[in-house]
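# Fold and contact review
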Amino acid sequence: MIMIESAIIEEKLDVHAIRQQFPILNREIKGKPLVYFDNAATSQKPQVVIDALVEYYSGYNANIHRGIHTLAEEATAAFEATRDTVREFINAAAREEIIFTRGTTEGINLVAYTWGRQNVKAGDEVIISEMEHHSNIVPWQILCNEKSAILKVVPVNADGDLNMEEYARLLGPKTKLVSIVHVSNAMGTVNPVKQIIELAHRQNAIVVIDGAQSSVHLDIDVQEMDCDFFAFSSHKVYGPTGVGVLYGKKHLLEAMPVFQGGGEMIKDVSFEKTTYADLPYKFEAGTPNIADTIAFKAALDFVSQTGKQRVRDHENELLRYATAELKKIPGLRIIGEAKEKISVISFVIEKVHPQDIGILLDNRGIAVRTGHHCAQTLMTCYGIPGTVRASFAMYNTHEEVDQLLTGLDKAIKMLL
Ligand SMILES: Cc1ncc(COP(=O)(O)O)c(C=O)c1O
């Protein structure tokens, strides 16, 4: 039995079987089968996730936590079961450390508005990097402006790697917080987060990791990583939109002021004084996104059962193949060839605007993303307005990469 199980685990990913679980992949776009290469923006949803939504609304829709009737109890149990699954998915030490949010953006803002406002003072320093998504730039900019603190930026080298010497140089006794992306959405660079965290901790700075892109591809162990906060979004992990997670170390979350006030986050309310609920509810004001949080569990179970390592092997093979073939196209330059990168390939083509490529590819049913990918500062660093970005998921195939290559060839001939 054990032997059979291990044999199954070692098998290559059955992409055909995987594809059958994603109903949207049967769609045609402009008469052509959909080729979906916009997975870094959001991934498609498997049937189990869609079913979980339908089952909740048709079977046990109720508000959670305070109800004593059966529906409320069922909904509460399903909602809280997601918290346990998330804890396991990222190996947090306790379920109280899992705060449900609307997504990565809200998670980062939560830290900026609570820990940040409590701990960052005039003259203190916050470090981010040149490859951050806007949601890991703007909240820190707002905080630093408000507190007269200083925002410092780690540069990125020509290959798309973080300049770690410069990072070490920027760190100092005034550094209060470092917030860095685990995997770049614009280039696929995998940052050395363990080293980043260790260096920051030596200065007693806390570290926020933006896990929006990493959580779907990499094995996440927040205890091993030793990050103080880790934020990610369900919709990039094959789950629904509108729900995400902020992981935080318990002692930090306990010491932080509340984020939003309202129902759910209180113990006792009088006009004179309010006492707040224990973790994690202290940070979950109001009725949460119950349905999507419940369906998020189905997505995480689906990813775990499929096996992250097998998916990674498959996506890495697609990335290797696409990179080698794209490099043969005259005038094409890949943006971001970091030593460690996954699942994202960004490129520009001489004398051709990325948007024109995107439109012509869409005419062939191929969905790529074009533009600055919410990383305008990175584009500015490379002196480009934007890129064409193809990002891979478990259901993509070599044949689809071939279709992208053919589509590009035709587009370039038409545009030049
Ligand atoms: C690296 C990175 N950080 C943050 C975000 C923001 O995620 P969300 O829009 O789900 O809050 C994204 C989304 O594209 C991202 O790729």
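Whatever comes next refers back to the structure up there.
Every value quoted in this text rests on a predicted model; they were computed, and no experiment measured them.

Rules and cut-offs
- Residues numbered from 1 in each chain as written.
- Predicted model: local features only at pLDDT ≥ 70, side-chain atom pairs only at ≥ 80, totals over all residues.
- Heavy atoms only, no water.
- Helix = DSSP H or I, 4+ residues; strand = E, 2+ residues; numbered from the N terminus.
- Rg over C-alpha atoms; globule rule 2.2 N^0.38 Å.
- Buried < 20%, exposed > 50% of the residue type's maximum accessible area, 1.4 Å probe, protein only.
- Areas by Shrake-Rupley, 256 points an atom, 1.4 Å probe, with all protein chains shown as cover.
- Lys, Arg positive; Asp, Glu negative; His and termini not counted.
- Charge placed at Lys NZ, Arg CZ, Asp CG, Glu CD.
- Phe/Tyr/Trp six-rings, centres within 6.5 Å; stacked < 30°, edge-to-face > 60°.
- Lys NZ or Arg CZ within 6 Å of the ring centre and 35° of its normal.
- Pairing = 2+ DSSP bridges.
- Axes fitted to C-alpha atoms, helices over the stretch in contact; angles between N-to-C directions.
- Contact = heavy atoms within 4.5 Å.
- Near = heavy atom within 4 Å.
- Polar contact = N/O pair within 3.5 Å; in protein donor to acceptor, adjacent residues only side chain to side chain.
- Nonpolar A, V, L, I, M, F, W, Y, C, P; charged D, E, K, R; others polar.
- 1 Å grid on protein atoms, 1.4 Å probe; cavity = no way out; pocket = protein on both sides within 12 Å on 5 of 7 lines; lining within 4 Å.
- Points joined across faces, edges and corners; volume = space filled by probe spheres on them.
- Right-handed = clockwise from strand over helix to strand, strands pointing away.

On to the overall build of the protein. Helix and strand counts for the protein stand at 16 helices and 17 strands. For the protein, whose C-alpha radius of gyration is 22 Å, the value lies close to the compact-globule estimate of 22 Å for 416 residues. Projecting the C-alpha coordinates of the protein onto the three principal axes gives extents of approximately 70 × 55 × 45 Å. Residue burial in the protein is summarised as follows: out of 416 residues, 56% are buried. For the protein, the computed accessible surface area is about 18,300 Å², with 53% contributed by carbon and sulfur atoms. Once the 42 positive and 53 negative side-chain charges of the protein are each reduced to a mean point, those two points are 5 Å apart.

Moving on, we come to the packing of aromatic side chains. Counted by the stated rule, this structure contains 13 aromatic pairs. With a centroid separation of 5.2 Å and an interplanar angle of 65°, the aromatic rings of F79 and F100 are classed as edge-to-face. With F79 in helix α4 (residues 70-90) and F100 in strand β4 (residues 98-101), the pair connects residues that are 21 residues apart, well separated along the chain. Assessed through its relative accessible area of 8%, F100 is described here as buried. Pairing Y238 with Y395 gives two aromatic rings, centres 6.1 Å apart and planes at 80°, and the pair type is edge-to-face. Taken together, the residues Y238 in the loop between β9 (229-233) and β10 (244-248) and Y395 in the loop between β17 (387-391) and α16 (398-415) connect sequence positions 157 residues apart. Grouping residues by exposure puts Y238 and Y395 together as buried. Ring pairs connect the aromatic residues F22, Y238, F302 and Y395, which therefore count as one cluster. The ring of Y113 is capped by R117, whose NZ or CZ atom sits 4.0 Å from the centre of that ring.

Here we take up the sheet that holds β17. Read from one edge to the other, the open sheet built from four strands follows the order β13-β14-β17-β16, with strand pairing classed as antiparallel. What marks the edges here is a single partner per strand, and that holds for β13 (332-334) and β16 (369-371). Averaged over all pairs of adjacent strands, the angle between strand axes in this sheet comes to 30°, irrespective of strand direction. Summarising the sheet, β13 and strand β14 (residues 344-349) pair through three bridges and their orientation is antiparallel. Its bridge partner being in β14, I334 is matched across the sheet by F347. Along the sheet, helix α13 (residues 308-326) contacts β13 and β14; its crossing angle with β14, the most-contacted strand, is approximately 10°.

Backbone hydrogen bonds are what pair the strands of a sheet, in a parallel or an antiparallel way. Spatially, seven strands are ordered β4-β10-β9-β8-β7-β5-β6 in an open sheet, and the strand pairing comes out mixed. Each end of this open sheet is capped by a strand with a single partner; those strands are β4 and β6 (150-154). Averaged over neighbouring strand pairs, the angle between their axes works out to 20° when direction is ignored. Of the strands in this sheet, β4, β7 (175-181), β8 (206-210), β9 and β10 are in contact with helix α5 (residues 104-119), which crosses β9 at around 155°.

In the region of the ligand, 13 residues are neighbours, and T105, D210, S233, H235 and K236 sit closest. A distance of 3.4 Å separates an oxygen atom of the ligand from a polar backbone atom of T104. Residue K236 places a side-chain N or O atom 2.6 Å away from an oxygen atom belonging to the ligand. In the shell around the ligand, the residues fall into two nonpolar, nine polar and two charged.

A separate point is empty space enclosed by the protein. For the structure shown, the criterion picks out two cavities of 30 Å³ or more. There is about 80 Å³ of room inside the largest cavity. Its residues assigned to classes, the lining of the largest cavity shows six nonpolar, six polar and two charged. Here the second largest cavity is characterised by a volume of approximately 50 Å³. Lining the second largest cavity we find V216, H217, Y238, V303, K308, V311, E315 and M394. Elements with a contribution of two residues or more to the lining of the second largest cavity: α9 (214-217) and α13. If you tally residues by element for the lining of the second largest cavity, the top one is α13, at three residues.

Considering the arrangement of structural elements, one finds V269 in strand β11 (residues 266-269). Overall, V269 belongs to the exposed group, its relative accessible area being 56%. As a C-alpha pair, V269 and G67 span 202 residues in sequence and 19 Å in three-dimensional space.

The buried fraction of β8 is high, at five of five residues. With burial as the criterion, each face of β8 is covered, one bearing I206, V208 and D210 and the other bearing V207 and I209. When β7 meets β8, the two strands line up parallel, connected through five bridges. Looking across to β8, one finds that V178 is bridged to V207. The parallel pair β7 and β8, bridged by helix α8 (residues 193-202), forms a crossover whose chirality is right-handed. Strand direction decides the pairing type here: β8 and β9, joined by three bridges, are parallel. When the sheet's bridge partners are listed, D210 is paired in β9 with A231.

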